[in-house]
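Chain and residue survey
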Amino acid sequence: MKRQAKLSPIFLALTLWLGALHCSGAAKQDNAQNNAIEAQGFHAFATIDGSNISAAFGTLSNTSEQPIALQKVVIKGEIKGIAELHQTSNDNGVMKMLKVDSITIPAKQSVELAPGGLHIMLINLPKPLEAGKTIALELAFDNGTTLKIEAPIKARNIRERVINKSGKHTHH
């Protein structure tokens, strides 16, 4: 005759408690991974008269032990348009802006999105971006994290206005 083992209520409660403790630790790890990206100093430039393009810049920091890639940016709020990830490069003395699929932030490092380098291109804007206002951006990363940013819109300086006077943007 076989004997059935009986679990005492204390053993059962202890087992359930340890299981819950283990699961909550995993959730904390997942949350740590999802909160591993920080955004600092984000801003966009005001559009130049008659232009429907701009760009957004800032710094993305990865506090995790794994690289994390920015995969997509969406313009939110009342200002619509298209956001693309871009890299400026120098090709035999000719500056070109190329669309990139993602921007990887290495583990425990930061990546600066800045004029002349990596940046978020804002195109097909239905209305001008005015200095002193903000633009809402949602950044989506390959680890499932999304960051919502209200980027202040800054006026361009005179030198940039002269260099970018045409306000036109073409893909090369």
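The structure under discussion appears in the preceding block.
Residues numbered from 1 in each chain as written. Predicted model: local features only at pLDDT ≥ 70, side-chain atom pairs only at ≥ 80, totals over all residues. Heavy atoms only, no water.

**Here's the deal with the overall build of the chain**
Here is the rule we go by: Helix numbering and strand numbering both begin at the N terminus, where a helix is a DSSP run of H or I of at least 4 residues and a strand a DSSP run of E of at least 2. The buried label goes to any residue with under 20% of its type's maximum accessible area, the exposed label to any with over 50%, and the partly exposed label to all in between, with areas taken from a 1.4 Å probe on protein chains only. For every accessible area listed, the method is Shrake-Rupley and the probe measures 1.4 Å; residues are considered covered only by the protein chains on display.
Looking only at helices and strands, one finds 2 helices and 10 strands in the chain. Secondary structure elements in the chain, listed N-terminal to C-terminal, are α-β-β-β-β-β-β-β-β-β-β-α. Every one of the 172 residues in the chain was classed for burial, and the buried ones make up 35%. For the chain, the accessible surface area stands at approximately 11100 Å², while carbon and sulfur atoms represent 55% of it.

**Here's the deal with the pairing of strand β9 (residues 134-141)**
The cut-off we apply is this: What makes two strands pair is DSSP finding at least two bridges between them.
Counted residue by residue, β9 has 6 buried out of 8 residues, so it is predominantly covered. In this structure, strand β3 (residues 68-76) lies alongside β9, joined through 6 bridges in antiparallel fashion. Bridging across to β9, Val74 finds its partner in Glu138. In terms of strand pairing, β9 meets strand β10 (residues 146-154) through 7 bridges, oriented antiparallel. Following the sheet pairing, Ala136 is matched in β10 by Glu150.

**Comments concerning the nonpolar core**
Note the following rule: What is meant by a nonpolar core is a set of buried Ala, Val, Leu, Ile, Met, Phe, Trp, Tyr and Cys residues, joined one to another through side-chain atoms within 4.5 Å. Note on definitions: a residue-residue contact is assigned when non-hydrogen atoms from the two residues lie within 4.5 Å.
Among the nonpolar cores identified, the biggest contains 31 residues, and Leu60, Ile120, Leu122, Ile135, Leu139 and Phe141 are the most heavily contacted of them. Sequence-distant contacts of Ile120, defined by excluding residues within four places in its chain, comprise Phe42, Ser54, Ala55, Ala56, Val73, Ala83, Glu84, Leu85 and Leu113. By size, the runner-up hydrophobic cluster in this structure holds 6 residues, among which are Phe45, Ala55, Phe57 and Ile123.

**Here we look at the environment of Ala55**
Following the sequence through the fold, Ala55 ends up in strand β2 (residues 54-62). The spatial distance from the C-alpha of Ala55 to the C-alpha of His86 is 9.5 Å, given a sequence separation of 31 residues. With residues up to four places along the chain from it excluded, the contact list for Ala55 reads His43, Ala44, Phe45, His119, Ile120, Met121 and Leu122.

**So, the pairing of strand β1 (residues 37-45)**
Bridge count between β1 and β2: 6 bridges; the pairing is antiparallel. Residue pairing in the sheet places Gln40 in a bridge with Thr59 of β2. Of the strand pairs in this sheet, β1 and β10 are connected by 2 bridges, and their pairing is parallel. Looking at β10, one finds that Ala44 is bridged to Ile153.

On their own, these measurements won't tell you what the molecule is for.
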